[in-house]
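Single-letter residue listing:
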Amino acid sequence: YLVEFDKRLISYESLLRKWKAISSPYPTERQYRTAIFYTNPEQEVIARAFAMDMEHVDVEPVTKFYMAEERHQNFLDRL
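This write-up is about the structure you can find in this document. Keep in mind that what you see is a predicted model, and the values were worked out from it rather than measured.

1. Regarding the pattern of salt bridges
In total, this model carries four salt bridges according to the counting rule given. The partner of Arg17 in a salt bridge is Glu13, and the shortest N-O contact between them spans 3.6 Å. Of the two residues, Arg17 and Glu13 both sit in helix 1 (residues 12-22), four residues apart, roughly one turn of that helix. The partly exposed category is assigned to Arg17, whose relative accessible area is 46%.

Right under this line is the structure:
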């Protein structure tokens, strides 16, 4: 999923806290992965702190985002 947020409404850290509470870092299929993306050094520090106690979670800088093909959309809804 692509998540865009307005930092005036919710902080990056609060967003990650909410995500962590509802996410599963264990994809059931090998082609899927869980990742936290950041846009600046401050977010990187926060993201790495959150990922430290979570297995199988990558932390990477934001780059160009490509939407998956339609057949790959809503993966979690099909579990």
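What follows continues from the structure just given.
2. As for the nonpolar core
By size, the foremost hydrophobic cluster in this structure holds eleven residues: Tyr12, Leu16, Ile36, Tyr38, Ile46, Ala47, Phe50, Ala51, Met54, Val57 and Val59. Sorting elements by how many residues they give to this core places helix 2 (residues 41-51) first, with four residues. With residues near it in sequence (within four places) discarded, Ile36 still touches Tyr12, Leu16, Trp19, Ala47, Phe50, Ala51, Val57, Asp58, Val59 and Glu60.

3. Focus on a nonpolar patch on the surface
A cluster of nonpolar side chains, Leu2, Phe65 and Met67, forms an exposed patch at the surface whose accessible area comes to about 320 Å². With respect to the helices and strands, Met67 occurs in the segment after strand 2 (57-61). When its relative accessible area of 56% is taken as the criterion, Met67 is described as exposed.

4. What to know about the side chain of Gln43
Tracing the chain through its elements places Gln43 in helix 2. Residue classification places Gln43 among the buried residues on the basis of a relative accessible area of 12%. Those residues in contact with Gln43 that lie beyond four places of it in its chain are Phe5, Tyr12 and Tyr38.

5. Some details on the packing of aromatic side chains
All chains considered together, the criterion is met by one aromatic pair. With 6.1 Å between their ring centres and 35° between their planes, Phe5 and Tyr12 make a pair best called tilted. Judged by relative accessible area, which is 9%, Tyr12 ranks as buried.

Definitions and limits used
Residues numbered from 1 in each chain as written. Predicted model: local features only at pLDDT ≥ 70, side-chain atom pairs only at ≥ 80, totals over all residues. Heavy atoms only, no water. Salt bridge = Lys/Arg side-chain N within 4 Å of Asp/Glu carboxyl O. Helix = DSSP H or I, 4+ residues; strand = E, 2+ residues; numbered from the N terminus. Buried < 20%, exposed > 50% of the residue type's maximum accessible area, 1.4 Å probe, protein only. Core = buried A, V, L, I, M, F, W, Y, C linked by side-chain atoms within 4.5 Å. Contact = heavy atoms within 4.5 Å. Patch = residues over 30% accessible without salt bridge, like charges linked within 9 Å, V, L, I, M, F, W, Y side chains within 5 Å. Areas by Shrake-Rupley, 256 points an atom, 1.4 Å probe, with all protein chains shown as cover. Phe/Tyr/Trp six-rings, centres within 6.5 Å; stacked < 30°, edge-to-face > 60°.

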